[in-house]
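# Residue-level structural notes
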Amino acid sequence: MVARRRLIKRLLMGAVVLTALLIVAATLRRRTRIQPPQQFQAAYQANAFAETLQNVNQQVQATIGEAELEWAPAADNLTIARRLSLALVGSGLSLEEVQTLAQVKESDQIRWWTSYLLEDRRWSDYFADRFSRAYVGTNDGPFLLFRRRKFNAWLSQQFSEGRAYDQIVSEMLSAEGLWTDTPQVNFITATMDDANEGRGDPIRLAGRVSRVFLAQRVDCLQCHDDYLGNVNFGSLDQPVDGAQTHFHELAAFFAGTAMADPVFRGIVEDEQEYQFEYLGESETQVVAPNVPFAQDLLPDDGKPRQRLARWVTHTNNRAFSRATVNRVWALMFSRPLVTPVDNVPLDDTVPAVMDTLAEDFVNHRFDLKRLIRLIAESDAFRRASRAPFEITEAHEACWSVFPVTQLRPEQVAGSMLQACKLTALDGSSSIFTRLKAYGDTQDFLKRFGDRGEDEFDGQAVTIPQRLVLMNGKLATENTNSNSMTGAASRIATLVEDDQQAVQLIFVSALNRMPSETELSKFVVFMQDKQGNARRKAIGDIYWAILNSTEFSWNH
């Protein structure tokens, strides 16, 4: 019996050691080289791309001229590439990516980098998460009936395949079926809590549709008419004040959205009528589905949600294309064209560049990648955030400089994790590396805080957040000079020259070379240090840079 126990113990120990070796081997395995994007120039030679881009630049320039402001010079390519990475995958560039980009012809670098990111699954995953927040919020949703992960995975797949955005939205609005095998139906089931007794919540769904797909904040109309003149469904010449009926007629499209009996059929339409008692009335009344503006675009046939989906995504529904442009612009600049991101006037008081991009978006099959490329190519996106003149809020408001914005929490986490690895944290990373990065990110967001679905609001950093940055596990563990795979320890081991080591730290963390002053100060700091003392010094430099103001801002 004793011998048998010893044998079992040895076998278990052997299994543990073997597993550990496999983890280490998987972590250290040789990565495939970064693959260049396929035919990246073709997307920029597509129909009318140059014409639209010229119009965008001229309209922004005209706005700057009208405000009688100067504009900043162009930023360097590495700065623009960092902005693109933060916008499209939520982190800065890895040292590996910086070195790969440096081998591309300088005049092609930004187009090459944009196309590379748009072919990377990190982009579609990241954008799916950003859009999902707006569609279904950030709460867990009803237990069993809501599958956020499936919804995000479906959304990411649509983005990755380049599916037309109007079709994606149309499916979300009109889908029927189970939330497990028809993931888009989770847009509906996210509102099906206990209070709704197996039905979609028409009020919450109407609010979501108006904000996310039409950029209209009409929540106040749920309870009363608009008495302050904040909601106009008409034009400047012929205004139509927002009324309580507008909101509830929109909600009526979702009245028949219910759980099927038997339940395995999922979400179906049961044609239940919408009833509501308006403010000042004494009885409830049946409310027929209707839209608050552009009623001529609403089709007469089809199920209610199908009719609404066709109206929302209609090519002549300018609110839909404007809402999308404003959200994508916000993701690229961390600031929308029109603030707040989900409230764009229906009249002509919006920047001309918004309608130019919206028209191009409609005319080219609601192509999100083309829209991103147009914004990335614009002069506004490529301007420096520094200028030889005093920069005011007016300069940032008319995009004569690139606006300096604080990184969102997930961008801080992503950038920290990426800065502490010499290679890109992408799909070719080992499964263990990706799982650890996911766990570290979730832990950081839990402690640091998440902005929720209104992620473009707020710029201030609280004292507790600064303490999490300085003393939290993410910064301390990833800059530990004893870490086997961390950038700090690898630089300390592989690079003997102090000056080169400092340069590599700056490029990895800030995606730029150090200035002469920065370089000399850090080289002096490392002077005469050997062995563990030198390793610790490199870890300290890493920690200091990750906690610098520059690291936490997009510029």
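This structure is a prediction, so every number in the text was calculated from the model and none was measured.

### Focus: the packing of helix α3 (residues 77–88) against helix α6 (residues 121–136)
- Between α3 and α6, the shortest axis-to-axis distance is 8 Å and the interhelical angle comes to 55°. When the axis of α3 is compared with that of α6, the two are oblique. Residues L86, A87 and L88 of α3 touch α6, and the partners they reach there are R122, W123, Y126 and F127.
- Taken together, the residues that form the contact of α3 with α6 break down as 6 nonpolar, no polar and 1 charged.

### Notes on helix α8 (residues 165–174)
- All buried positions along α8 are accounted for by Y165, D166, I168, V169, M172 and L173. All buried residues of α8 fall inside an arc of 160° around its axis, so they share one side.

### Describing the UniProt feature "domain: DUF1549" (unreviewed entry) in the protein
- When the UniProt feature table is mapped onto this chain numbering, "domain: DUF1549" (unreviewed entry) sits at residues 56–227.
- The span residues 56–227 is 56% helix and 0% strand, and its two end C-alpha atoms sit 36 Å from each other.

### A short note on a nonpolar patch on the surface
- Residues Y227, L228 and L279 make up a contiguous nonpolar surface patch of roughly 420 Å² in combined accessible area.
- When you line up the elements, L228 lands in the loop between α10 (202–213) and α11 (244–251).

### Focus: the pattern of salt bridges
- The full count for this structure, using the stated rule, is 31 salt bridges.
- Taking the shortest distance from any N to any O, the salt bridge between D342 and R217 comes out at 2.7 Å. One end of the pair, D342, is in the loop between α13 (318–333) and α14 (352–363); the other, R217, is in the loop between α10 and α11, with 125 residues separating them in the sequence.
- Residue R217 is classed as partly exposed on the basis of its relative accessible area, which comes to 29%.
- Its salt-bridge partner being D443, residue R447 comes within 3.3 Å of it at the nearest N-O pair. Residue R447 and its partner D443 are located together in helix α19 (residues 431–448), separated by 4 residues, close to a single helical turn.
- Under the relative-accessibility criterion, R447 is labelled exposed at 58%.
- Linked by salt bridges that have partners in common, D129, R130, R133, R408, E410, D450 and E455 make up one network.

Reading guide: rules and limits
- Think of each chain on its own: its residues are numbered from 1, step by step along the sequence as written.
- Given that this is a predicted model, residues contribute local features only at a pLDDT of at least 70 and side-chain atom pairs are listed and counted only at 80 or more, while totals for whole chains, interfaces and linings are drawn from all residues.
- Only hydrogens and water are removed before side-chain values are computed, so all heavy atoms of the structure are retained for them.
- Here an angle of 0 to 180 degrees is reported between the N-to-C directions of two axes, which are lines fitted to C-alpha atoms, with helices fitted over the stretch in contact.
- Numbering of helices and strands runs from the N terminus; a helix is a DSSP stretch of H or I covering at least four residues, while a strand is a stretch of E covering at least two.
- Angle categories are assigned with fixed cut-offs, so that under 35 degrees is roughly parallel, over 145 is roughly antiparallel, 65 to 115 is roughly perpendicular, and the rest are oblique.
- What makes two residues a contact is simply this: any of their non-hydrogen atoms within 4.5 Å.
- Classes in brief: Ala, Val, Leu, Ile, Met, Phe, Trp, Tyr, Cys and Pro nonpolar; Asp, Glu, Lys and Arg charged; the others, Gly included, polar.
- With a 1.4 Å probe rolled over the protein chains alone, any residue whose accessible area is under 20% of its type maximum counts as buried; one over 50% counts as exposed, and the rest are partly exposed.
- Think of it as the arc spanned by the lines of direction from the helix axis to the C-beta atoms.
- UniProt positions are given in the numbering used here, feature names are shortened, and annotations may be inferred rather than shown by experiment.
- Surface patches are defined over residues having more than 30% relative accessible area and no salt bridge, joining like charges when they lie within 9 Å and nonpolar side chains (Val, Leu, Ile, Met, Phe, Trp, Tyr) when within 5 Å.
- Residue-level accessible areas treat just the shown protein chains as cover; the underlying method is Shrake-Rupley with a 1.4 Å probe.
- By definition here, a salt bridge exists when the distance from a side-chain nitrogen of Lys or Arg to a carboxyl oxygen of Asp or Glu is within 4 Å.

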